Amino acid sequence: MLTCDTYHMPESLQEALEVWAGAASGSRIVSGATDILPWAREGRAGDVHLPELVDVTRISELDGYVFENGRVRLGANTVYQDFLTDQTLMRSLPCMPYCAIWFADDQIREQASLTGNLVNASPVADGTPAVAALNGEIELARLDSGGIARRRVPVIDFIEGPGRTQIAGDEIATAVIVDTANGYGGSFQKVGQRRSLVISVACCAALVKADRDGRVIEDARLALGGVGPRPIRMLDAERALRGEQISHALINRVAQTAADTVASRSRQEYRREVVVNFVRAAIEDALADQTDAEIKFADAKEQAHV
């Protein structure tokens, strides 16, 4: 059971920061609370009593999204269900719907925020590789001389390890800022110990853009989660794909390099096999998700005879 002495529901960011600055040690900020409630349950943390909880869901400044200069700023109250119901977000962030559909169930997706998922910093959080593939940054706010100071940190650097981030004790995460990826195909691969409400053993996000003829890869973004203490961008694999003619041989060759990224302390051989297959499937699925070009594999005839 989770209990607290005081439950705050501020209605502005200024108010939230002031409350948070004065909160007792051990207090927590919550949005959807989909991580803290299961944690504070018998079998995990057991009964948990906190001095104060600061609920940010009533802060309108943290709602919605804004596009600017090829990026989109997703307010901290953006939930996973938004990536399955908002057509603009689905087109602009094509890996996110595939990530969201794997995320828990309908009820949890309506509560669980993308920002909260990142701040929680689980090594197997679904959102981290997808946001990393979108060159994501997290926006952090704090009080400064009576006003509000903000800074942005790349998500790939923000998450330092399991449960560890660069957020300071006086800061609140206010947004996630990512690239738009209109015209890309998206994909998300995930495996766990069960199919329903699955917690990842490993996951992979991909964004791929082919040329108009569907023969050459113009751009590719690949990120892995669950294979180490923090998300991994496969920059070498991305460079190996860009500008190359689309072929099964190319995809297979690039996928094999994924095995070297596994740094997890457990089930290493399993994870190596999984991520190779994941990267291969992620690239192929992202190509199949293309809407602006009919993809043509250079070695399609050879593949058909295998």
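Scroll up to find the structure this text is about.
Residues numbered from 1 in each chain as written. Predicted model: local features only at pLDDT ≥ 70, side-chain atom pairs only at ≥ 80, totals over all residues. Heavy atoms only, no water.

### Brief notes about the sheet that holds strand 4 (residues 65–68)
Pairing between sheet strands relies on hydrogen bonds along the backbone, with the strands arranged either parallel or antiparallel.
Now for step 1: Taken in spatial order, the five strands make up an open sheet running 4-5-10-6-7, and their pairing is antiparallel. A single partner strand is all that each edge strand has here, and the edge strands are strand 4 and strand 7 (147–154). Taken pair by pair, the neighbouring strands of this sheet meet at an average axis angle of 25 degrees, ignoring direction.
Now for step 2: As paired elements, strand 6 (residues 137–144) and strand 10 (residues 172–179) share five bridges and run antiparallel to each other. Paired with glutamate 139 across the strands is alanine 175, a residue of strand 10.
Now for step 3: Each of strand 6, strand 7 and strand 10 touches helix 1 (residues 13–22); the most contacted strand, strand 6, lies at about 70 degrees to it. (Pairing = 2+ DSSP bridges. Helix = DSSP H or I, 4+ residues; strand = E, 2+ residues; numbered from the N terminus. Axes fitted to C-alpha atoms, helices over the stretch in contact; angles between N-to-C directions. Contact = heavy atoms within 4.5 Å.)

### A word on the packing of aromatic side chains
Aromatic rings considered in pairs are described by the distance between their centres and by the relative angle of their planes.
Now for step 1: Overall, the coordinates contain three aromatic pairs when judged by the stated rule.
Now for step 2: Ring geometry for tyrosine 80 and phenylalanine 83: centres 6.3 Å apart, planes at 75 degrees, overall edge-to-face. Comparing tyrosine 80 with phenylalanine 83 shows no difference in burial state: the two are buried.
Now for step 3: Taking 3.9 Å as the distance between ring centres and 5 degrees as the angle between the ring planes, the aromatic pair formed by tyrosine 80 and phenylalanine 103 counts as stacked. With tyrosine 80 in the loop between strand 5 (71–75) and helix 3 (82–85) and phenylalanine 103 in the loop between helix 5 (96–102) and helix 6 (106–109), this residue pair connects regions lying 23 residues apart in the sequence.
Now for step 4: Residue classification places phenylalanine 103 among the buried residues on the basis of a relative accessible area of 12%.
Now for step 5: Among the aromatic residues, ring-to-ring pairing joins Tyr80, Phe83 and Phe103 into one connected group. (Phe/Tyr/Trp six-rings, centres within 6.5 Å; stacked < 30°, edge-to-face > 60°. Buried < 20%, exposed > 50% of the residue type's maximum accessible area, 1.4 Å probe, protein only.)

### Quick look at helix 12 (residues 268–288)
Side chains of residues three or four places apart in an α-helix project in the same direction, reflecting 3.6 residues per turn.
Now for step 1: Given a rise of 1.5 Å per residue, 21 residues ought to cover 30 Å, and the 30 Å separating the end C-alpha atoms of helix 12 matches this to within 8%.
Now for step 2: Within the span of helix 12, buried status applies to Arg271, Val274, Val275, Val276, Phe278, Val279, Arg280, Ala282, Ile283, Ala286 and Leu287. (Expected span 1.5 Å × (residues − 1).)

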